[in-house]
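Chain by chain, the residues run as shown.
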Amino acid sequence: GAGVSQTPSNKVTEKGKYVELRCDPISGHTALYWYRQSLGQGPEFLIYFQGTGAADDSGLPNDRFFAVRPEGSVSTLKIQRTERGDSAVYLCASSRGNQETQYFGPGTRLLVL
Amino acid sequence: EDQVTQSPEALRLQEGESSSLNCSYTVSGLRGLFWYRQDPGKGPEFLFTLYSAGEEKEKERLKATLTKKESFLHITAPKPEDSATYLCAVLDVFDSGGGADGLTFGKGTHLIIQP
């Protein structure tokens, strides 16, 4: 079956702009995660959804970052007033349930100029 | 706070030369230890989950093992297509107050297999 998909694959924006990154999880997976990966580093946890609710948003770096999952499937990560330090690969993962194996999408490469 | 340290950072092997990658970890309570493979420009691809000390899993030329403090990914007679970055991650069963539901990753081992 289809894996996790993410759009866009690449996004270039200017400092101060607003961006939205989309994640489509594996069908039937109730848990969805966002991570951020900088060059040469492992992914860092941002936020976890169980169904429609954000069960753990402790990894979000500040209040410029926000994520939603209104119908318990597709999720959108929103970044306001982007900064150059936000440049990274944003990865989405899904799993059947909490604390089960997570399957990752291809990522969105965000570059803030 | 959960911690994962992978070594070496980079490893270059000749085709057919077996070796092992190390993942040392610290968690309050281990729910699972995960190995992923990541190719340049791609997302991490799941390889193995290990749940308890003494557990081993194999897939083709790869074998993962787990102790109470570390995990090893053994690569037997590797081929050039095994070249990738191998990531280790842990999931903590306890709510440590930060990211308990997310994986904690190491920085990875960049493996190059030369023909």
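In what follows, the structure referred to is the one given above.
This section reports on the structure supplied with the text. (Residues numbered from 1 in each chain as written. Chains lettered and ligands numbered in written order. Predicted model: local features only at pLDDT ≥ 70, side-chain atom pairs only at ≥ 80, totals over all residues. Heavy atoms only, no water.)

A word on the state of the cysteines. All names here are of chain A. All chains considered together, the criterion is met by 2 disulfides over all chains. Covalent S-S linkage joins C23 and C92, the inter-sulfur distance amounting to 1.8 Å. Here C23 and C92 share a disulfide; its torsion about the S-S bond, -65°, makes the bridge left-handed. Placement of the pair is C23 in strand β3 (residues 19–24) and C92 in strand β9 (residues 88–95), with a sequence separation of 69 residues. Note on C92: relative accessible area 0%, which makes it buried. (Disulfide = S-S within 2.5 Å. Helix = DSSP H or I, 4+ residues; strand = E, 2+ residues; numbered from the N terminus. Buried < 20%, exposed > 50% of the residue type's maximum accessible area, 1.4 Å probe, protein only.)

This brings us to the interface of chain B and chain A. Listed by partner, the interface residues are 24 residues for chain B and 21 residues for chain A. Buried area between chain B and chain A, both sides added, is near 1,700 Å², and the carbon and sulfur share of it is 50%. Taken together, the connections running from chain B to chain A amount to 0 salt bridges. Between chain B and chain A we count 5 residue pairs in polar contact (both at pLDDT 80 or more) in total. Contributions of two or more residues to the side of chain B that touches chain A are made by β4 (30–38), β5 (45–50) and β9 (84–92) of chain B. Each residue belonging to the side of chain B that touches chain A can be placed in one class, and the counts come to 11 nonpolar, 8 polar and 5 charged. (Contact = heavy atoms within 4.5 Å. Buried area = accessible area lost by both parts, 1.4 Å probe. Salt bridge = Lys/Arg side-chain N within 4 Å of Asp/Glu carboxyl O. Polar contact = N/O pair within 3.5 Å; in protein donor to acceptor, adjacent residues only side chain to side chain. Nonpolar A, V, L, I, M, F, W, Y, C, P; charged D, E, K, R; others polar.)

What follows is about a nonpolar patch on the surface. All names here are of chain A. On the surface, V12, L111 and L113 cluster together to form a nonpolar patch covering roughly 280 Å² of accessible area. Among the structural elements, V12 can be located in strand β2 (residues 10–13). Accessibility expressed as a relative area gives 55% for V12, which makes it exposed. (Patch = residues over 30% accessible without salt bridge, like charges linked within 9 Å, V, L, I, M, F, W, Y side chains within 5 Å. Areas by Shrake-Rupley, 256 points an atom, 1.4 Å probe, with all protein chains shown as cover.)

What follows covers the pattern of salt bridges. Applying the stated criterion to the full structure yields 7 salt bridges over all chains. R64 of chain A is the partner of D86 of chain A in a salt bridge, and the nearest nitrogen-oxygen pair spans 2.8 Å. One end of the pair, D86 of chain A, is in the loop between β8 (75–79) and β9; the other, R64 of chain A, is in the loop between β6 (53–56) and β7 (65–68), with 22 residues separating them in the sequence. The salt bridge partner of R61 of chain B is D82 of chain B, with a shortest N-O separation of 2.8 Å. With R61 of chain B in the loop between β6 (56–59) and β7 (62–66) and D82 of chain B in the loop between β8 (70–75) and β9, this pair connects stretches of sequence that are 21 residues apart.

Take the sheet that holds strand β1 (residues 3–7) of chain B next. Residues and elements named next belong to chain B. Here 5 strands make up an open sheet; going across it, the order is β1-β3-β8-β7-β6 and the pairing antiparallel. If you trace the sheet from one side to the other, it starts and ends with β1 and β6, each paired once. Each neighbouring strand pair of the sheet contributes to a mean axis angle of 15°, computed without reference to strand direction. With 4 bridges connecting them, β6 and β7 associate as antiparallel partners. Pairing of E58 across the sheet is with K63, part of β7. (Pairing = 2+ DSSP bridges. Axes fitted to C-alpha atoms, helices over the stretch in contact; angles between N-to-C directions.)

With that out of the way, let us pick up the sheet that holds strand β1 (residues 5–7) of chain A. Residue and element names in this part refer to chain A. As summarised here, the arrangement of the 4 strands in space is β1-β3-β8-β7, forming an open sheet in which the pairing is antiparallel. For this open sheet the edge positions go to β1 and β7, each flanked by a neighbour on one side alone. Direction aside, the axes of adjacent strands within the sheet are offset by 20° on average. Strand direction decides the pairing type here: β7 and β8, joined by 4 bridges, are antiparallel. Across the sheet, F66 pairs through a bridge with K78, a residue of β8.

Residue and element names in this part refer to chain A. Of all 5 residues in β8, 4 are buried, a share of seventy percent or more. As judged from the 5 bridges shared by β3 and β8, these two strands associate in the antiparallel manner. From the neighbouring strand, R22 faces β8, where its bridge partner is T76. Where β7 folds back on β8, the antiparallel hairpin that results is connected by 6 residues, among which G72 adopts a positive phi of roughly 80°.

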